[in-house]
Each structure stands twice: as C-alpha cells, then as structure tokens.
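# Coordinate inspection notes
Next come the chains, spelled out residue by residue.
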Amino acid sequence: MEIDINELSPVKEDFISLHQTTGWNAKGLYTYDQLYTAICNSWYSVSIYHNRHLIGFGRIISDGVYQTLICDVMVHPEYQKQGIGKKLMEALINKCEEEGIKWVQLFCAKGKQEFYKKLGFVGRESEAPGMSLFI
Ligand SMILES: CC(C)(COP(=O)(O)OP(=O)(O)OC[C@H]1O[C@@H](n2cnc3c(N)ncnc32)[C@H](O)[C@@H]1OP(=O)(O)O)[C@@H](O)C(=O)NCCC(=O)NCCS
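Definitions and cut-offs
Residues numbered from 1 in each chain as written. Predicted model: local features only at pLDDT ≥ 70, side-chain atom pairs only at ≥ 80, totals over all residues. Heavy atoms only, no water. Core = buried A, V, L, I, M, F, W, Y, C linked by side-chain atoms within 4.5 Å. Buried < 20%, exposed > 50% of the residue type's maximum accessible area, 1.4 Å probe, protein only. Helix = DSSP H or I, 4+ residues; strand = E, 2+ residues; numbered from the N terminus. Contact = heavy atoms within 4.5 Å. Pairing = 2+ DSSP bridges. Axes fitted to C-alpha atoms, helices over the stretch in contact; angles between N-to-C directions. Near = heavy atom within 4 Å. Polar contact = N/O pair within 3.5 Å; in protein donor to acceptor, adjacent residues only side chain to side chain. Areas by Shrake-Rupley, 256 points an atom, 1.4 Å probe, with all protein chains shown as cover. Nonpolar A, V, L, I, M, F, W, Y, C, P; charged D, E, K, R; others polar.

### Side note on the nonpolar core
Ile-70, Met-89 and Leu-92 are the most contacted members of the largest nonpolar core, which totals 21 residues. Contributing elements (two or more residues each) for this core: strand S2 (44-50), strand S3 (53-62), strand S4 (68-75) and helix H3 (84-98). No other element matches H3, which puts 7 residues into this core. Not counting residues within four places of it along the chain, the set of residues in contact with Ile-70 comprises Arg-59, Ile-60, Met-89, Leu-92, Ile-93, Val-104, Gln-105, Leu-106 and Phe-121. Counting residues in hydrophobic clusters, the runner-up holds 9 residues, among them Leu-35, Tyr-36, Tyr-49 and Met-74.

The structure is reproduced here in structure tokens:
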C-alpha cells in the first residue's frame, strides 16, 4: 500500500473523524476544537495518508531535551494490523533520536502492551510506577 507520511498537523475535519474512531472522547471531556488545538501545540506530529485520507496519527509532547511523551497514537480501524502503527511509531522515535533525546515515555492503553513491546518499550519498575491525578 502506498502511503504518505507528513509532519504537518492534519486539517481539523480529518483529525476529528480519525479521533472519533478511537472512542476516546466518549465522555466529551474536551471539545473537538480543544483536542485539535492540543495536537497543533505538539512538539512533533506524524500524519499518515492513503489516497489523501488521514489513516494514522501520533504526536510527541516534549521540552526538546529530555522529557518526552508520545501520545494520541491512532490508526483508522480499517487500516489496523497492516504495519501503519509501527511506521507511525518509528517516525516518532526517529525524530527523538535525531534530536538526541534518550528517554521516551508513553501511557499504554489496555490491550496495547504487545504493540509497544515489539517496538522496544518496557514497563516501568513497580517501585517507580507512573502516577496520575484527575482534577
Ligand atoms: C494500537 C494501534 C495504533 C496499532 O496500530 P496497527 O497499525 O494496528 O499496528 P501494526 O499493524 O503496525 O502492528 C505492529 C505489530 O504490533 C502488533 N500489534 C498491534 N496491535 C496489537 C495488539 N493490540 N495486541 C498485540 N499485538 C499488536 C502487530 O501484530 C504487529 O506485530 P508484527 O510486527 O509481529 O507483525 C491501533 O490498534 C489503534 O489505533 N488502536 C486504537 C487507538 C489506540 O488504542 N491507540 C493506542 C493508545 S496507547
């Protein structure tokens, strides 16, 4: 399959329809305008297109030196299990390598551990877990 990989933010309508396939905003915590503003404020993002349709997206929030979080990695359901997610992640990781970043973090959604493990990610030590605060 011929795909295009692009570093520019996707247009809002494309991003929203891809995001809706994930069901992540089911509780409507944020408006789609807010989510779009969020991705446009990323340090780096990767969009993948097939026949000009946005089929994959992922982004990095970073200070550009050492704190780096990969988030919002998504592939359209019709294109999953075809290596698109892996290509997305490789592009994000390559950018980190190019910039000399040595430590990349992410939050893994339920059931996606194997996907990230295959890319070399490991879970945090149980004595040093990630923590969150909902406010
Ligand atoms: C997670 C996601 C991005 C994976 O994208 P994808 O394009 O289907 O993944 P790929 O086809 O590139 O898979 C790469 C490898 O990981 C494996 N893999 C992918 N998803 C997997 C899963 N859920 N469980 C186990 N293995 C998985 C593939 O089998 C493949 O293995 P291989 O290299 O040995 O053939 C995609 O399922 C998705 O967008 N899900 C909905 C949104 C989401 O949950 N994002 C993750 C948030 S943390």
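### Remarks on the sheet that holds S4
The mixed open sheet is built from 5 strands, whose spatial order is S1-S2-S3-S4-S5. Taken across any chain shown, the strands that pair with only one partner, and hence form the sheet edges, are strand S1 (4-6) and strand S5 (105-106). Where helix H1 (residues 12-20) meets the sheet, its contacts fall on S2, S3 and S4, and the angle it forms with S3 comes to roughly 90°.

### Notes on unusual backbone geometry
Unusually for a residue other than glycine, Arg-52 sits at a positive phi of about 70°. Take Arg-52: it is sitting in the loop between S2 and S3. Residue class for Arg-52 comes out exposed when judged on its relative accessible area of 76%. Even without being glycine, Asp-72 reaches a positive phi, approximately 55°. Residue position: Asp-72 is located in strand S4. Under the relative-accessibility criterion, Asp-72 is labelled partly exposed at 21%.

### Let's talk about the site of the ligand
Around the ligand there are 19 residues in total, and Val-73, Val-75, Lys-81, Gly-85 and Lys-86 lie nearest to it. The side chain of Gln-80 places a nitrogen or oxygen atom 3.5 Å from a nitrogen atom of the ligand. A distance of 3.1 Å separates a nitrogen atom of the ligand from a polar backbone atom of Gly-111. Compared with its free state, where it exposes 910 Å², the ligand has 76% of that area covered by protein. Broken down by class, the residue content of the shell around the ligand amounts to 9 nonpolar, 5 polar and 5 charged.

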